[in-house]
Amino acid sequence: MQERYNPAEIEARWQEKWAREKSFRVHEAEGKPKYYLLEMFPYPSGRIHMGHVRNYSIGDVVARFKRLQGFNVLHPMGWDAFGMPAENAAIQHGTHPAVWTTENIANMRAQLKKMGLSYDWDREVATCAPDYYRWEQLIFLRMLEKGLAYKKSAAVNWCPSCETVLANEQVEEGCCWRCDSTVEQKELDQWFFRITAYAEELLDWTNRLPGWPESVLTMQRNWIGRSQGCEIDFAVEGDSRAIRVFTTRPDTLYGATFMSLAPEHPLAEMLTTADRRTEVEAFVRRIQGIDRLQRTSDDLEKEGVFTGSYCLNPVTGRRMPVYLANFVLMDYGTGAVMAVPTHDQRDFEFARKYGLPLQVVIQPPGEVLDPATMTGAWEEAGTMVNSGPFDGLDNDSGKLRITEHLEQLGCGRRTVNYRLRDWLVSRQRYWGTPIPVVYCAECGTVPVPEEQLPVVLPTDVVFTGEGGSPLAKLESFVNTSCPRCGSPARRETDTFDTFVESSWYFLRYASPQHDSGPVERSAVDYWLPVDQYIGGVEHAVMHLLYARFWTKVMRDIGLAGVDEPFTNLLTQGMVCMETRSCPEHGWLYPEESQGDRCSKCGAPAVVGRNEKMSKSKKNVIDPDGLIARYGADTARLFTLFAAPPEKGLEWNDQGVEGASRFLHRVWRLVGDHLELVRGAGGIDPAGLDESGRDLRRQVHRTIRKVTDDIDGRFQFNTAIAAVMELVNGISAWPDKTRHPAVLREALETVVRLLGPFVPHVAEELWRELGHEQGLEACGWPVCDEAALAVSTVLIVVQVNGKVRGKVTVPADADESTVREAALGDPNVARFLEGQTVRKVVVVPGRLVSVVAG
RNA sequence: GCCGAAGUGGUGGAAUGGUAGACACGUCGGUCUCAAAAACCGAUGCCCUCCGGGCGUGCCGGUUCGAGUCCGGCCUUCGGUACCA
């Protein structure tokens, strides 16, 4: 055995062995329970970052642990390979996206292999490969048949920088999720997936995913935004048309005194009278000129314009002036709102501004609202007034009663409204899955027939960076013939949102080479659902909602038998580091600010707060450099030890040193005792003295602790801490030569418990300890309950809630013995002097609490 | 505003309602060395009259023999979301 721990040599050797022997390859196996462990696959940007290191280290611990526990573990890896950066690289550096992506994948695969992750590399998929996306095109055709995919013209989010449209989920605070440009609105003809058809089911299942973090479920529930209410039709005065509104407050109908429409509402123009036209048009133009971010900001003043028309309140007959209002959104509800200024704050402000009438219809308990003196709307519960036959009802029952009344009148009905919009999947980009349809002058929109799939993304395109998809300019791709009538036709040149590929890759992993369909049903039935999914919380709504939807679609077209894709979800925290900047040279990389000074000018570096590692702020650590310097095991150990997985991880160079030091210590501890331990026989528990039993007890306590911490709790930091304690305990144990068998068990346990965390060094030490077969052959260590037995226990004694003494008693001492021992402790007795003992609580094996006074 | 999570030493973080601060980092002291690094040993919440005692888990109350943990009310930070009718 080498005297010094040399990670580079050890790691290369084991990685080579794992690759050569395909150690982590799996098949559907009878007789062994399956476990599907998945980490979110990366975008092949070129290099892995610390977020990947953390994500995949966490996953690998679980994979290796479950394997040791006897599960048949599916642990795959692949590439989310379509996307914009590839296209940008082509524009900027002239490298073709396919070449760029392939090279990046090769680089990153090599990096991941250097981390010693236990993937079944035979299942690797890249979503840009035709034999992946062809099945996506097929599923799209099925969705088209079922009406789950459709094309419509709509106002959509347009990112001017990415030159493509975005789904609602992909707009964050009015900006593009990817590049942060301000998103504009454009009216375009686009493809959508009917995710709203699954809104109710997606929502319903959020209550049946106990293995998901509550925060993620809440975010999804809010995003779906179900709201129960009622649609009401308001007849337009002197017109056959009606304005339909959605409201959750039908109980306030008698108080509706005017109507507000979105400026984009289809009826807006028709309802504008000649004398109002100039003003209305100016208003609409002005509002549409404001970008979405400002328009939906809270402090935008409520503004509107009168159209000149009136509609009629169906229950009061009141003439309600129809306004256009800047705060009414066309894409929620029906784009029209019945305004009840007394019971809705926005309507209140609007009414005050334009001098519109107020009518109180809900009285709060013990108070009388007066429209003349109200300073705000009353939006809470109360008793109905001025509401004809409904007076005196509590407003909650009023909701139902008025809805029923409207249903009888034929001008209203119960409805459920969702905030969730259909998923806009068209992208005006090249590097994505071609949408397999053809436009024919005769036949209209024609799906590409199944047998003609895949529609292969052509490679001979020209990247100018000057707007528009390069695909649309490629005549050889665009010009085709209609599959139905044979006449000349044009291909769809939009490609899919790349979230489509990531919505089903976990299903493809079950049978990645299957070539007669998207998935092999028997393989999906065996492996799915994913038992544990691990990834960043930033995907809480987008990816995780799309993946749930797509899984249900695949179920409904017979490709999968599960309702939900992911049984358990772990969302890991971000990797953070403090930023450093120079007043002169801006953000500094860690190596540019050594000694707390800017390496360029020597000015003191300004230390900023801890933030998510990002290239733009240069607060990044390069995993390659870390691995080259310390080895993969140290990198893994530090990221697992520094914080529990779901919390943010604060980077700390000295912490890395500490992790490395620990591995060196373990190496030495084993190496120093190899001779002693190699000749050791089995343990005879009965023949051990107290010291031997003590170490064995610690060994088996550690087994129990580490097992509990990994299994389900994912408390890797405390699991590692427990092993560190054991290592400290072994180092300090004075009887190594007297009990070599106990020492052997202790050292072997350390190595076995470390296996999932630092697999290379663990396997190496295991071999040094004389084992021909790897760690997996003997499984996960089992806690020997008998070894945990203690003869005496330390009892804490409290007097009036404060610790006043500690006594040691036999483990099997009865309550009165413990009580007497506690009261007999000199220091305890001191505090009881002159006091009456009123109560004594004895917690067996733990403490005695004395109440005196 | 609403929803969610979290506030514990110099730092990262531990604690089924039962000795608060495990483990690690850092710092200080020591051993070894010509010296340094590495390694090892010891100390390390604050305070005092220091075999002992007082105070300490964001703030204020409560439940309990006993609260970092449970309950009520605040404050702060982070994340999500928002004219959603």
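What counts, and where the lines are drawn
Residues numbered from 1 in each chain as written. Chains lettered and ligands numbered in written order. Predicted model: local features only at pLDDT ≥ 70, side-chain atom pairs only at ≥ 80, totals over all residues. Heavy atoms only, no water. Axes fitted to C-alpha atoms, helices over the stretch in contact; angles between N-to-C directions. Helix = DSSP H or I, 4+ residues; strand = E, 2+ residues; numbered from the N terminus. Parallel < 35°, antiparallel > 145°, perpendicular 65-115°, else oblique. Contact = heavy atoms within 4.5 Å. Nonpolar A, V, L, I, M, F, W, Y, C, P; charged D, E, K, R; others polar. Pairing = 2+ DSSP bridges. 1 Å grid on protein atoms, 1.4 Å probe; cavity = no way out; pocket = protein on both sides within 12 Å on 5 of 7 lines; lining within 4 Å. Points joined across faces, edges and corners; volume = space filled by probe spheres on them. Buried < 20%, exposed > 50% of the residue type's maximum accessible area, 1.4 Å probe, protein only. Left-handed = near helix turned anticlockwise from the far one by under 90°. Salt bridge = Lys/Arg side-chain N within 4 Å of Asp/Glu carboxyl O. Near = heavy atom within 4 Å. Polar contact = N/O pair within 3.5 Å; in protein donor to acceptor, adjacent residues only side chain to side chain.

Novice: Could you give me a rundown of the packing of helix α1 (residues 7-21) against helix α24 (residues 759-768), with the residues and numbers involved?
Specialist: Running from amino to carboxyl end, α1 crosses α24 at an angle of 90 degrees, the nearest separation of the two axes being 9 Å. Comparing their axes, α24 and α1 come out roughly perpendicular. Where α1 approaches α24, its residues Ile10, Glu11, Arg13, Trp14, Gln15 and Trp18 are matched on the opposing element by Pro759, His760, Val761, Glu763, Glu764 and Arg767. Looking at side-chain class alone, the contact of α1 with α24 contains 5 nonpolar, 2 polar and 5 charged residues.

Novice: Summarise the sheet that holds strand β33 (residues 847-852); cite the residues concerned and give the values.
Specialist: Read across the sheet, 4 strands follow the order β31-β30-β33-β32 without closing on themselves; strand pairing throughout is mixed. The open sheet has two free edges, formed respectively by β31 (802-810) and β32 (837-843), since each of these has just one partner strand. The average undirected angle you get between the axes of adjacent strands in this sheet is 20 degrees.

Novice: Can you tell me about empty space enclosed by the protein, naming the residues and giving the values?
Specialist: With the rule as written, the count across this model stands at 1 cavity of 30 Å³ or more. In this structure, the largest cavity encloses a volume near 170 Å³. Looking at the largest cavity, it is lined by 16 residues, and the ones nearest its centre are Met84, Arg178, Arg427, Asp497 and Thr498. Residues that form the lining of the largest cavity fall into these classes: 6 nonpolar, 5 polar and 5 charged.

Novice: I'd like a rundown of the environment of methionine 613, residues and numbers included.
Specialist: Turning to its location among the elements, methionine 613 is positioned in the loop between β28 (606-612) and α17 (623-630). Judged by relative accessible area, which is 12%, methionine 613 ranks as buried. Remark: the alpha-carbon pair of methionine 613 and arginine 285, spanning 328 residues in sequence, is separated by 43 Å. Contact partners of methionine 613, with chain neighbours within four places excluded, come to Met50, Val575, Cys576, Met577, Asn619, Val620, Ile621 and Trp651.

Novice: Before we move on, could you go through the packing of helix α3 (residues 84-93) against helix α4 (residues 97-114) and cite the residues and values that matter?
Specialist: Taken N-terminus to C-terminus, the directions of α3 and α4 make an angle of 120 degrees; their axes are 8 Å apart at the nearest point. If you check the angle between α3 and α4, you find them oblique. Of the two elements, α3 crosses α4, and the hand of that crossing is right-handed. Facing α3, whose interface residues are Pro85, Ala86, Glu87, Ala89 and Ala90, α4 presents Pro97, Trp100 and Thr101. Split into classes, the residues belonging to the contact of α3 with α4 amount to 6 nonpolar, 1 polar and 1 charged.

Novice: Which residues make up the pattern of salt bridges, and what values go with them?
Specialist: According to the stated counting rule, one finds 59 salt bridges in the structure shown. Among the ionic pairs, lysine 66 bridges to aspartate 711, the shortest N-O distance being 3.1 Å. Of the two residues, lysine 66 is situated in helix α2 (residues 50-68) and aspartate 711 in the loop between α21 (690-710) and α22 (716-732); the sequence distance between them amounts to 645 residues. Salt-bridge contacts for arginine 142 lead to glutamate 450; the nearest nitrogen and oxygen are separated by 3.1 Å. Placement of the pair is arginine 142 in helix α5 (residues 130-145) and glutamate 450 in the loop between β20 (444-447) and α13 (475-478), with a sequence separation of 308 residues. Here the residues in one salt-bridge network are Glu201, Arg548, Lys552, Arg555, Asp556, Asp563 and Glu564, joined through shared partners.

Novice: For the protein's contact with RNA strand B, give the residues involved together with the corresponding values.
Specialist: Around RNA strand B, 55 residues are found, and the nearest of them are Thr248, Lys302, Tyr332, Arg346 and Ser849. For RNA strand B, the fraction of atoms within 4 Å of the protein that belong to sugar or phosphate moieties is 64%. Within the contact set of RNA strand B, a phosphate oxygen lies 3.3 Å away from a side-chain nitrogen or oxygen of arginine 419. Interatomic distance of 2.8 Å between a side-chain N/O atom of lysine 806 and a base oxygen of RNA strand B. Of the residues assigned to the surface near RNA strand B, the class counts are 21 nonpolar, 16 polar and 18 charged.

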